[in-house]
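Structural characterization, general
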Amino acid sequence: WWYRALVFRVASCPCALVLSVPLSYFRGIGVASRRGILFKGSLHLDRAADIDTVVFDKTGTLTHGTVTVADGVDSGTAGAFTVADDRTRSSAAPAVDALHRMGIRTVVLSGDERAKVEALAREIRLDEWHGALLPADKLTALEGLIAAGRHTAYVGDGVNDAPVLARAHVGLAMGAEGTDAAVDTADAVLATDDLRRVPEALRIARRTRRLVWTNVALAVGIKLAVLVLSAFGLAGMWAAVFADTGVVLLCVAVVLLARFPAGATQPADREAEMRSESAEKS
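Attention here is on the structure that accompanies the text. All of these numbers come straight from a predicted model, not from anything done at the bench. (Residues numbered from 1 in each chain as written. Predicted model: local features only at pLDDT ≥ 70, side-chain atom pairs only at ≥ 80, totals over all residues. Heavy atoms only, no water.)

In terms of nonpolar packing, the biggest core is built from 43 residues, with Phe39, Val54, Leu62 and Val155 touching the most fellow members. Top contributing element to this core by residue count: helix 9 (residues 197-231), with 7 residues. Apart from residues no more than four positions distant in its own chain, valine 54 is found in contact with Leu99, Ile104, Arg105, Thr106, Val107, Ala153, Val155, Val198 and Leu202. (Core = buried A, V, L, I, M, F, W, Y, C linked by side-chain atoms within 4.5 Å. Buried < 20%, exposed > 50% of the residue type's maximum accessible area, 1.4 Å probe, protein only. Helix = DSSP H or I, 4+ residues; strand = E, 2+ residues; numbered from the N terminus. Contact = heavy atoms within 4.5 Å.)

Right, let's get into the pattern of salt bridges. A side chain of one charge can pair with a side chain of the opposite charge if their charged atoms are brought near each other. Evaluated as defined, the whole model comprises 13 salt bridges. Across the pair aspartate 46 and arginine 209 runs a salt bridge whose closest N-O atoms are separated by 2.9 Å. Remark: arginine 209 occurs in helix 9 and aspartate 46 occurs in helix 3 (residues 42-48); sequence separation between them is 163 residues. Taking relative accessible area as the criterion, aspartate 46 reaches 22% and is therefore assigned partly exposed. The shortest N-O distance in the salt bridge between aspartate 50 and arginine 209 comes to 3.2 Å. Here aspartate 50, found in the loop between helix 3 and strand 2 (53-56), pairs with arginine 209, found in helix 9; they are 159 residues apart in sequence, far enough to count as distant. Given the relative accessible area of 35%, aspartate 50 is considered partly exposed. Within this structure, Arg35, Arg197 and Glu200 form a network of salt bridges that share partners. (Salt bridge = Lys/Arg side-chain N within 4 Å of Asp/Glu carboxyl O.)

This part takes up the packing of helix 1 (residues 2-11) against helix 10 (residues 237-257). It is the contact of helix 1 with helix 10, at a shortest axis distance of 8 Å, that shows an interaxial angle of 15 degrees. By the angle between their directions, the pair helix 1 and helix 10 is classed as roughly parallel. Crossing hand, helix 1 versus helix 10: right-handed. Across from Tyr3, Leu6, Val7, Val10 and Ala11 in helix 1, the residues of helix 10 making contact are Met237, Ala240, Val241, Ala243 and Asp244. Across the contact of helix 1 with helix 10, the residue classes tally to 9 nonpolar, no polar and 1 charged. (Axes fitted to C-alpha atoms, helices over the stretch in contact; angles between N-to-C directions. Parallel < 35°, antiparallel > 145°, perpendicular 65-115°, else oblique. Left-handed = near helix turned anticlockwise from the far one by under 90°. Nonpolar A, V, L, I, M, F, W, Y, C, P; charged D, E, K, R; others polar.)

Below, the discussion takes up the packing of aromatic side chains. A ring pair, where both rings are aromatic, is described by two values, the distance of the centres and the angle of the planes. A complete count under the given rule lists 0 aromatic pairs for this structure. Here the guanidinium or amino end of arginine 4 rests over the ring plane of tryptophan 1, the centre of that ring lying 4.9 Å away. Stacked on the ring of phenylalanine 260, the Lys or Arg arginine 207 has its end atom at 5.9 Å from the ring centre. (Phe/Tyr/Trp six-rings, centres within 6.5 Å; stacked < 30°, edge-to-face > 60°. Lys NZ or Arg CZ within 6 Å of the ring centre and 35° of its normal.)

To continue, consider a nonpolar patch on the surface. A cluster of nonpolar side chains, namely Val228, Leu229, Phe232 and Leu234, defines an oily patch on the protein surface of about 440 Å² accessible area. Here valine 228 lies in helix 9. Judged by relative accessible area, valine 228 falls into the partly exposed class, the value being 48%. (Patch = residues over 30% accessible without salt bridge, like charges linked within 9 Å, V, L, I, M, F, W, Y side chains within 5 Å. Areas by Shrake-Rupley, 256 points an atom, 1.4 Å probe, with all protein chains shown as cover.)

As a further point, take the side chain of aspartate 57. Assignment of secondary structure puts aspartate 57 in the loop between strand 2 and strand 3 (66-69). A distance of 2.9 Å separates polar atoms of two side chains, one belonging to aspartate 57 and the other to lysine 138. With residues near it in sequence (within four places) discarded, aspartate 57 still touches Leu62, Val108, Leu109, Lys138, Tyr154, Val155, Gly156, Asp157 and Asp161. (Polar contact = N/O pair within 3.5 Å; in protein donor to acceptor, adjacent residues only side chain to side chain.)

Our next topic: the packing of helix 2 (residues 15-34) against helix 10. Running from N to C, helix 2 and helix 10 point in directions that differ by 10 degrees, and their axes come no closer than 9 Å. When the interaxial angle is binned, helix 2 and helix 10 end up roughly parallel. In contact with Cys15, Ala16, Leu19, Ser20, Leu23, Ser24 and Arg27 of helix 2, helix 10 contributes Asp244, Val247, Val248, Cys251, Val252, Val255, Leu256 and Leu257. Of the residues belonging to the contact of helix 2 with helix 10, the class tally is 11 nonpolar, 2 polar and 2 charged.

The following block contains the structure:
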């Protein structure tokens with residue numbers, strides 16, 4: 001019984017779980033960062049695996065438009081907001097299509113005119129759209145989705161998006177053209193402003209979650225088997241050492257050899273837009 005107790009002691013060591021679970025998240029964060037998706041921690045990556053609704057800002061996120069304030073001379077209304085050069089990003093429609101294939105609902109919340117928001121939503125086939133919203137209205141709309149049981153990710157770029165980015169389960173900021181407030185508040189940053197990285201981030205998160213549970217099942221399953229066998233005197237110290245150190249090495253190998261979904265192979269959205277603009281000028 002003294003020998004069996006020692007076997008139990010060695011086999012029950014939690015090293016495999018302590019090492020493999022964090023390592024799985026580190027691998028997921030590393031894969032995402034190499035593809036231009038910068039998660040600020042494993043907690044945010046894990047939450048992204050549960051997302052079933054992605055909410056977009058419009059101007060500066062789904063489009064390249066910039067918001068300017070009228071001077072009152074040209075427009076006749078001092079302080080009026082106008083949107084200049086409001087062109088749909090080339091990556092918007094592919095990103096929405098990819099999200100739909102994943103079973104994820106898409107929504108746009110915008111302060112722009114309702115007619116423009118509806119036209120964009122129909123163009124890229126969004127499921128739901130809301131226009132003429134103030135920042136507080138955006139937050140209220142997002143709260144409504146959360147109250148309905150939806151797990152939300154919000155994608156935005158502006159100062160007015162900061163409260164919504166903070167409230168969503170996962171906030172994703174446009175890193176190249178986004179404001180400092182949005183980048184600081186968000187849980188993850190899209191370094192290239194390529195919207196196709198949004199579904200890619202969620203796929204990486206889901207794959208990481210599966211990798212974590214694979215390692216948990218592998219470690220716990222082997223340890224339980226060795227513990228049961230050792231209780232009946234059918235497994236010795238060699239099996240206990242394998243259940244400890246051997247399983248650690250096995251779980252690490254599973255993490256390092258894990259395959260993640262292939263990323264977008266087309267050029268980054270901004271580069272494609274720049275080439276398009278050059279061609280038009282020529």
